[in-house]
Amino acid sequence: MIKMTQNRYCPGKDNSPSLLELKNVTVVRCGKKILDSISLSIEQGEHVAIIGPNGSGKSSLIKTFTKEYHPLASADGLVLNILGKTSWNVFELRKLLGIVSGDLQQTYCRQVNVLDVVISGFFSSIGIYYNHKVTPEMEARARKVLEFLEITHLADRLMCELSTGEARRALIGRALVHDPQALVLDEHTNSLDLKAIYSFRESVRKIAGSGKSVILVTHALEDIIPEINRVILIKEGKIFRDGKKEEILTDANLSELFSLPVEVQEKKGYYQALI
Ligand SMILES: Nc1ncnc2c1ncn2[C@@H]1O[C@H](COP(=O)(O)OP(=O)(O)OP(=O)(O)O)[C@@H](O)[C@H]1O
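What counts as what
- Residues numbered from 1 in each chain as written.
- Predicted model: local features only at pLDDT ≥ 70, side-chain atom pairs only at ≥ 80, totals over all residues.
- Heavy atoms only, no water.
- Pairing = 2+ DSSP bridges.
- Helix = DSSP H or I, 4+ residues; strand = E, 2+ residues; numbered from the N terminus.
- Axes fitted to C-alpha atoms, helices over the stretch in contact; angles between N-to-C directions.
- Contact = heavy atoms within 4.5 Å.
- Expected span 1.5 Å × (residues − 1).
- Buried < 20%, exposed > 50% of the residue type's maximum accessible area, 1.4 Å probe, protein only.
- Polar contact = N/O pair within 3.5 Å; in protein donor to acceptor, adjacent residues only side chain to side chain.
- Core = buried A, V, L, I, M, F, W, Y, C linked by side-chain atoms within 4.5 Å.
- Parallel < 35°, antiparallel > 145°, perpendicular 65-115°, else oblique.
- Left-handed = near helix turned anticlockwise from the far one by under 90°.

Draft legend 1. Structural view of the sheet that holds strand β3 (residues 48–51). If you walk across this open sheet you meet the 6 strands as β5-β6-β7-β3-β8-β9, and the pairing is mixed. With partners counted over all chains shown, the strands left at the sheet margins are β5 (97–101) and β9 (238–244), one partner each. The average angle at which neighbouring strand axes cross in this sheet is 15°, direction not considered. Against the sheet, helix α9 (residues 251–258) contacts β3, β8 (230–235) and β9, and its axis sits at roughly 30° relative to β8.

Right, dumping it as structure tokens:
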């Protein structure tokens, strides 16, 4: 069993800094405000779902955490802290937040095997290059991650020959290999079939149970695993609602979020939206 750092959030129990703390974050691209005065904080070990319609700003928010997008420096009271620090080396930051996105999967559709994909997480690179020194410890760690995710059988398979679900689990391995504080999954079950969704969810539940934060970005309520108890709704670049899952996932909130009548149903800890 892979050893995961135990880092659970215990509100009020210690003074550890928030995993992410944003105040008044506004991002402008091509003259348009794509994030508008966002303020939120996510604690270490907390599991959160960020939900919003297409184009609402979910991926832009993640890109702001990873410093791909920069907030307007002139905003009053601007704060963008990660583990209490404002300034981060981008490579260190990418190791701290293990990110799996559809964009990354497209980039990875190439002749590289799954073990190397996982090892490449140590270098925050897309593949392994001549200047990368892969140590036996790195390889051993990568194999443990494959075991943890129950995909050891895929180690020698080429990424370009995998199903979407298998490839996505390999990318989770890449994100986990350097033991990040949080796993950030952006639109992670897009184009997966039912069996693949089930396997993927089980992996994510296992990771959430290991003490890492899971931050899930999606427009599908079905993706919200029972371990997630906080939901943030984003609409038109702004935080529309933020709170306990049971209080946020209501017919009224979801109808307003998606601008159409939505009925929310809950069964065995999972949610779905009926339209
Ligand atoms: N680099 C960019 N240049 C110009 N506009 C951008 C850029 N990045 C994002 N946007 C715009 O910002 C808005 C939010 O985009 P974003 O990708 O964050 O939405 P999203 O909620 O992740 O959407 P989806 O669910 O479709 O992936 C969109 O209108 C998008 O066109």
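From this point, the narrative continues.
Draft legend 2. Highlighting helix α7 (residues 194–209). In this model α7 runs 22 Å from its N-terminal to its C-terminal C-alpha over 16 residues, within 8% of the 22 Å that 1.5 Å per residue would give. What α7 keeps buried is the set A196, I197, S199, F200, R201, S203, V204, I207 and A208. In the core, the buried residues of α7 are packed alongside α5 (136–148), α6 (164–176), β6 (182–186), β7 (213–218) and β11 (270–274). The backbone nitrogen of K195 has a side-chain oxygen 3.1 Å away, supplied by the residue at the start of α7, namely D193. Looking one or two places after α7, you find G211, whose phi comes out positive at around 105°.

Draft legend 3. Local environment of the nonpolar core. Grouped together as the largest cluster of nonpolar side chains are 55 residues, with contacts concentrated most on M159, I172 and L185. With 29 residues, the next largest nonpolar core counts L20, I34, L93 and I232 among its residues.

Draft legend 4. How the structure looks around the packing of α6 against α7. Interaxial distance between α6 and α7 falls to 10 Å at its minimum, and their mutual angle equals 15°. As judged from the angle between their axes, α6 and α7 are roughly parallel. As α6 runs across α7, the sense of the crossing is right-handed. Taking contact as the criterion, the partners of G165, R168, R169, I172 and L176 in α6 are, on α7, A196, S199, F200, S203, V204 and I207.

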